[in-house]
Amino acid sequence: MSSIPGLPTPGSDVQILITSVNSSPLCVLVELWGNFSQDKKAEYQYLAQDIQSPGEIFHEFEGNAGDQCLFQMDNTWYRSRIVSRHGSNYSVFLIDKAWMRSATRSMLAWGKEEHFLLPPEVEFCVLANVVPLSHGNSWSHTAMEFLKTLPGKSVKAYVQEILVPQRTFLLHIPCISKLMYEMGLAKKLSAEMFKDFVLQSLRSPSEAVVSTETQEMPVRNEPEGPGEQMHKQPFMYPELPTGTVETVIVTEVTNPQRVFCQLRVFSQELKKLSEQITQHYEGRLATCNIGPDMLGFPCAARGSDGSWYRCVLQQVFPTNKVVEVLNVDYGMKQFVTVDNVRPLAAEFFRMPVVTYICSLHGITDKGVGWTATQIDYLRSLLLGKTVIAKFEYQSLCEGVHYVTLYGHENTNLNNLFSSKERGLLECEKSPGDYTIRSTSCRRQHPVRQESQGNISTSAQDVKRPEGKQIKENLTIENLPLNSSHVAVVQHVSNPSEFWIQTQTYANELEKLMDSISDFYRESVNENVVKNPTVGLYCAAKAKDCHFYRATVSEVGDMQIKVFFVDYGNTEVIDRSSIRALPDKFKKLPHLALKCKLAGVRPKYERWSHSATDFFTKKVIDELLNVHVTAKGDGWYVVQLTNSAAHGERDVSKLMCMSAFAEKDEAQKQPKTKMTMQPAVIPAAQNLSATPSEGLMSMGSGISFQTQNSSNESRTAAFMEHMFPIGSALDVNVSCIESPNDFWCQLVQNAGHLKLLMQDMQIYYASSQFHPFVETACVARHPDNGMWYRAHVINRQTPHADVLFVDYGQTKTVSLYDLRRICPAFLNLKGQAFRCSLYNPADPTSTMNDWDEEALAQFEDFVNNAASNHVILKCTIYAVMYNEQKVVFNIVDLETPFESVCTHMVALAKSVPPKKASESHSHFNGSYCYSTHNIKTGTEEMVTVTCVNSVNQFFCQLERKADVVEDLTMKLSTLCHQLKNAKPPAQFGTVCFAKYTDGHWYRGQIKATQPSVLVHFVDYGDTLEVDKSDLLPVPREASDIMSVPVQAVECSLSDIPASVPRDVNSWFESNATEHKFRALVVAKEPCGKLLVELYNGKTQLNSTIKKEFHIEMQRQEQVVLYTMFGETVKH
């Protein structure tokens, strides 16, 4: 290693101005460009002025790769180097800006020799000793957001190494790297190890994987056996700044959210690259080891045209010796045999990927997906066309660029598709058309969209074709709710996803299969489908050489994937195995029904192989009784019983008894029913109100009651969303009263709500008023004339106050605009849930005094997210109720870039303390949740307080020891004053409970029959407690209740979900009440931490694996996110 004349030398301290950073999350190195020559600013300014008088503009065929020239952009000339040329189109690199740009001949000119004497104003650098923390060798979203803040900063750096041939500076920048370590964004390598890694990366990109046990970096698992090995290494691609406009070729269209755009200037270079790859691999005899653990690995694959291309492995089908690959340069997927796959040689990584996965800006499916007609139209509009693409912005979390495409005469193709696809929809309206404009939100105004007469007319217009379509297309067997059937299980993925076939059509199916067999036996080569498309209803030949009814799931060049509609399984078959299905074979409905086993859930988030095997053995080839407990769009939740079984007949109970599953209490909760209740309920009921039983309020004076309620005079039954504390949800804000009071909807249910609204407009279009409408009803909105599900708050002839349960708005409507609700419209839960903003500066304050400025900022935050199509993440910190028994979810709303709570914390003014009798709000059967500011990659000193298994144990943070001690003292004092209080007796009620040591602790009752079980929330234990050792939580205990739960749920990382019992016993005896140093490796969506525990220098995780000879098994479903935003499951 040596130095570069005129630039810093190795070992020197420098000041560098960071100008840009590589924004690819899959680039393992932190690549940045910086300016060392800030003292030469005047020289570069003079040079910038001098080159504004360029030499001759390029003539035809002038300029080759490597030539230095001047490039004009926005009427300014820049020093540049030609990267490639095709005809009159060029790709150039701006040497003083580190930008890649496309150019035509008229934009390039020759410069003078003296224009290129000064070195580049920015140099290529790598942040030394820093590598990603994640096990996928990719940067987290948080890390990428941090790195994007670096451009424009001037920092002190130490030149650790200079790689002269590559003109690369390895810079140690303490103020950046130290912060990344502390924030849990990166891990540290030694200087020597990092240098070796960089050299290896530059020498052979396909081998650039950090694999050092001493530094705890991810280790790549190599497949066993002879043959060439694949290596996981991301492709590189040029950054496209926001607002970039490029000419592109649309090479593939899957749907509007997945359009592949190839920079046209590189199209000929890519053809040459394919020719080189083909020349390299064609005719070479070699074997390649491919396993399911290689999903996402780059490779070379032979396409159906005989040429070889750069690809990424998507799926592996070992039994068929077939893999699915994604062509990264053209965006096409195809199935190929393993004989036509090779590891990608290092030299083929040098050309960056210039085909970007794009999403049409402003186009969304509203959660209901795209029809085949819509996709076909989009493909005809875009596929293979050369268009102008404006790259609006990049979504790192989705892995896509949002683009606006322009065609001939600058036609906006996004708008063209949007206007056309409305005509292709089964119904005209989108979810946004049904949105209620909140009159309390100052920046929103009600807009009358249609008159009553227009709605009636349009509803009639829609009704006739829709009824016809249902008759033709919805040919799937329907099982009513709470019905029972005799059925067989035909196919099992896991206990939460399997397909049954009832015996209702058993005889008809047998006759149908005989007819299909006879029909295709007599016409072997007839009715072949030459160009199958996704969604095609056809006949397909399975592995057993018989034909079955099927639909096409995916289409490749040689093979296709089909779903057998009567049996539930999926197979990859040859294209020649598809036949047209005559109409006479379509009359019988699809008989495979997708189901989920009721009342159970996996013990460790995902179903283990052993649990699935056990379930499969118990249900396959058995005649079962099936009871439908719930149903959704295309799926059922069912209880399975085997009347012929010896011993336990209920499959759910059998799974739990055999330790392959645990009870899912959420599924067992009774449906909540809406009833009229007084605004303030008796004090005796206050202590028993919980989210799962008793009262839950959606609006002022409106209460949700369970079926156990004594007041059953009303039969309306709107079900309500109830979320565990700590849940993180994607939401839309539907109504704003203030930051203390607003309503949210789940994004995932937007499509279901849209379909419900469509059905209601048709159903009630010509309906007549009938008196005695129940509390839960349908009401016509006074502003837009549309029908909405509603709950009557107050009746005062001739008007009624109603709450629109799917949007959260309250309105006064005429009694004549109320209708009885059809029972079918009660199946979907009320979509709006009530929220109040969390105050991180004062978590004990459940309500805050927000001024007009705060309200305006909150509305702007929500409106900006909506206008930019940014989904809000809602984290639930607590569930509380105010003195009117109105329930609020205490939440934070976040975009990928900021938190509204953090943004507004300075504007929050806590409500002054009040007397106990005037307490403004209370915790509703729950405790306050907190992340305790624990970040991934950080270390915490902890004490293990309770062990259930290696996958679930609880710890207390040493830094919170004073909080726990203070809490214990306050509890002891208060409980001595409550000795004569009546103990709580209802499930889920918060309480104070006496532990075996004689002290009082905060608890939550989990069960009352046959005995009382209490979960001690600050320690994690769940024990049987005598009723005499329980005390209710009084209203004056708000300071005790507002302290966040101190027990942090954890799981040992890199330990299988299912381990022998003696492993859990050993861990319990060796960890309980012991102190450890915990390294937080990851955090699950539910809040559980995956940790490595250290006792001194000894790692407990490794000790357990070594002591009990445990190998980490692969998850049943591995989800990989590639640079193309492709989600791969196996």
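Residues numbered from 1 in each chain as written. Predicted model: local features only at pLDDT ≥ 70, side-chain atom pairs only at ≥ 80, totals over all residues. Heavy atoms only, no water.

(A) Representation of the overall build of the protein in the model. If you tally the helices and strands in the protein, you get 21 helices and 63 strands. Going through the 1130 residues of the protein one by one, you find that 50% of them count as buried. Here the analysis covers contacts within the protein between residues at least 6 apart in sequence; of these, 67% occur between residues at least 24 apart. For the protein, the accessible area works out to roughly 52200 Å², and carbon and sulfur atoms hold 50% of it. (Helix = DSSP H or I, 4+ residues; strand = E, 2+ residues; numbered from the N terminus. Buried < 20%, exposed > 50% of the residue type's maximum accessible area, 1.4 Å probe, protein only. Contact = heavy atoms within 4.5 Å. Areas by Shrake-Rupley, 256 points an atom, 1.4 Å probe, with all protein chains shown as cover.)

(B) Quick look at the pattern of salt bridges. Within this structure, the stated rule accounts for 24 salt bridges. A salt bridge links R521 to D518; the shortest N-O distance between them is 2.9 Å. With R521 and D518 both in helix α10 (residues 506–522) and three residues apart, this pair spans about one turn of that helix. Exposure remark for R521: the relative accessible area of 53% places this residue in the exposed category. Members of the salt-bridge network, linked through shared partners, are D966, K970 and D1039. (Salt bridge = Lys/Arg side-chain N within 4 Å of Asp/Glu carboxyl O.)

(C) Fine view of the nonpolar core. By size, the foremost hydrophobic cluster in this structure holds 59 residues, and its most contacted members are Y281, V325, L382, F391 and L405. Broken down by element, the residue count for this core peaks at six residues, all from strand β16 (residues 308–317). (Core = buried A, V, L, I, M, F, W, Y, C linked by side-chain atoms within 4.5 Å.)

(D) Region of interest: the side chain of N22. Structurally, N22 is set in the loop between β1 (13–21) and β2 (31–35). Here the side chain of N22 touches E31 through a polar contact of 2.8 Å, side chain to side chain. Not counting residues within four places of it along the chain, the set of residues in contact with N22 comprises C27, E31, W33, M144 and M236. (Polar contact = N/O pair within 3.5 Å; in protein donor to acceptor, adjacent residues only side chain to side chain.)

(E) Main features of the packing of aromatic side chains. The full count for this structure, using the stated rule, is 33 aromatic pairs. On the numbers, 5.1 Å between centres and 70° between planes, the contact of F953 with F1067 is edge-to-face. Placement of the pair is F953 in strand β52 (residues 952–957) and F1067 in helix α20 (residues 1061–1071), with a sequence separation of 114 residues. With a relative accessible area of 0%, F953 lands in the buried category. (Phe/Tyr/Trp six-rings, centres within 6.5 Å; stacked < 30°, edge-to-face > 60°.)

(F) Region of interest: the pairing of strand β33 (residues 636–641). Examined bridge by bridge, strand β30 (residues 593–597) and β33 share three bridges and lie parallel to one another. Among the inter-strand pairings, C595 is bridged to a residue of β33, identified as Y636. (Pairing = 2+ DSSP bridges.)

(G) Molecular detail of the state of the cysteines. Across all of its chains, the model carries zero disulfides by this definition. C874 carries a free sulfur, and the closest cysteine sulfur to it, the one in C835, is 4.9 Å from it. With a relative accessible area of 0%, C874 lands in the buried category. Among the cysteines around C975, which has no disulfide bond, C991 carries the closest sulfur, lying 9.7 Å off. (Disulfide = S-S within 2.5 Å.)

(H) A look at helix α3 (residues 174–182). Turning to α3, its buried residues are I176, S177 and M180. Buried residues along α3 cover an arc of 90° about the axis, so they all sit on one side. Looking at the buried positions of α3, the neighbouring elements they touch are β1, β8 (123–127), β9 (130–132), α2 (141–147), β11 (168–172) and β12 (186–188). Just past α3, the residue G184 takes up positive phi, approximately 75°. (Arc of directions from axis to C-beta.)

(I) Structural context of the pairing of strand β15 (residues 298–302). Along β15, four of the five residues are buried, which leaves the element largely enclosed by surrounding structure. Relative to β16, β15 is paired through five bridges, and the arrangement is antiparallel. Across the sheet, residue A300 finds its bridge partner in β16, namely R310. The turn joining β15 and β16, which pair antiparallel and follow one another in sequence, is formed by five residues; a positive phi near 90° is taken by G306.

(J) Quick look at the sheet that holds strand β5 (residues 89–94). Taken together, five strands build an open sheet; the order of strands is β6-β5-β4-β3-β7 and the sheet is antiparallel. Edge positions in the open sheet fall to β6 (99–104) and β7 (108–109), since each of these has one partner strand only. Inspection of the sheet shows strand β3 (residues 68–73) paired to strand β4 (residues 76–86) by six bridges, in the antiparallel sense. Following the sheet pairing, F71 is matched in β4 by Y78.

(K) Looking closely at unusual backbone geometry. Its identity as a non-glycine residue notwithstanding, A659 has a phi of 65°, on the positive side. The exposure class of A659 is partly exposed, given its relative accessible area of 35%.

(L) View of helix α16 (residues 852–867). In a regular helix each residue adds 1.5 Å, so 16 residues correspond to 22 Å; α16 covers 22 Å between its end C-alpha atoms and thus fits that length. Among the residues of α16, A854, L855, A856, F858, E859, F861, V862 and A865 are the ones counted as buried. Positive phi shows up at H869, right after α16, with a value of about 60°. (Expected span 1.5 Å × (residues − 1).)

(M) Broad picture of the sheet that holds strand β13 (residues 244–255). Strand order in the closed barrel made by the five strands is β13-β14-β20-β22-β21, with mixed pairing throughout. Between one strand axis and the next, the sheet turns by 55° as a mean value, whatever way the strands run. Sheet analysis places strand β21 (residues 386–395) next to strand β22 (residues 400–406), joined by seven bridges and oriented antiparallel. Residue pairing across strands places K390 opposite T404, the latter belonging to β22. Its contacts with the sheet put helix α6 (residues 372–382) on β13, β14 (258–263), β20 (355–360) and β22, and the angle it makes with β13 is roughly 140°. (Axes fitted to C-alpha atoms, helices over the stretch in contact; angles between N-to-C directions.)

(N) Structural context of the environment of K420. Here K420 lies in helix α7 (residues 413–424). With 42 residues separating them along the chain, K420 and L378 place their C-alpha atoms 9.6 Å apart.

(O) Up close: the confidence of the model for the protein. Residues of the protein with pLDDT of at least 70 account for 79%, and the chain-wide mean is 78. Segment residues 439–474: pLDDT under 50, and 53 contacts once partners within four positions in sequence are set aside and those in other chains are kept. Confidence over residues 910–924 falls short of pLDDT 50; this stretch has 42 contacts with residues more than four positions distant or in other chains. (pLDDT = per-residue confidence, 0-100.)

(P) Just the environment of T278, in detail. Relative to the helices and strands, T278 resides in helix α5 (residues 267–281). Considering only alpha carbons, one finds T278 and Y309, 31 residues apart in sequence, at a separation of 7.5 Å. Among residues more than four places away in sequence, those in contact with T278 are G306, S307 and W308. For T278, the side chain forms a polar contact with the main-chain oxygen of S274, separated by 2.8 Å. Here W308 takes part through its backbone nitrogen, which lies 2.9 Å from a polar atom of the side chain of T278.

(Q) Looking closely at the environment of D806. Mapped onto the elements of the fold, D806 is located in the loop between β42 (799–804) and β43 (810–814). The buried category is assigned to D806, whose relative accessible area is 1%. Taking C-alpha positions, D806 is 8.3 Å from F833, a pair spaced 27 residues apart along the chain. Not counting residues up to four positions away in its chain, the partners in contact with D806 are Q745, L753, L756, R789, K829, G830, Q831 and A832.

(R) Representation of the packing of α20 against helix α21 (residues 1100–1108) in the model. Packing of α20 against α21 brings their axes to within 11 Å, and their N-to-C directions diverge by 140°. In terms of their interaxial angle, α20 and α21 are classed as oblique. Judged by the sense of rotation from one axis to the other, the crossing of α20 with α21 is right-handed. Judged by residue contacts, D1062, V1063, W1066 and F1067 of α20 engage L1100, T1103, I1104 and F1108 from α21. Of the residues belonging to the contact of α20 with α21, the class tally is six nonpolar, one polar and one charged. (Parallel < 35°, antiparallel > 145°, perpendicular 65-115°, else oblique. Left-handed = near helix turned anticlockwise from the far one by under 90°. Nonpolar A, V, L, I, M, F, W, Y, C, P; charged D, E, K, R; others polar.)

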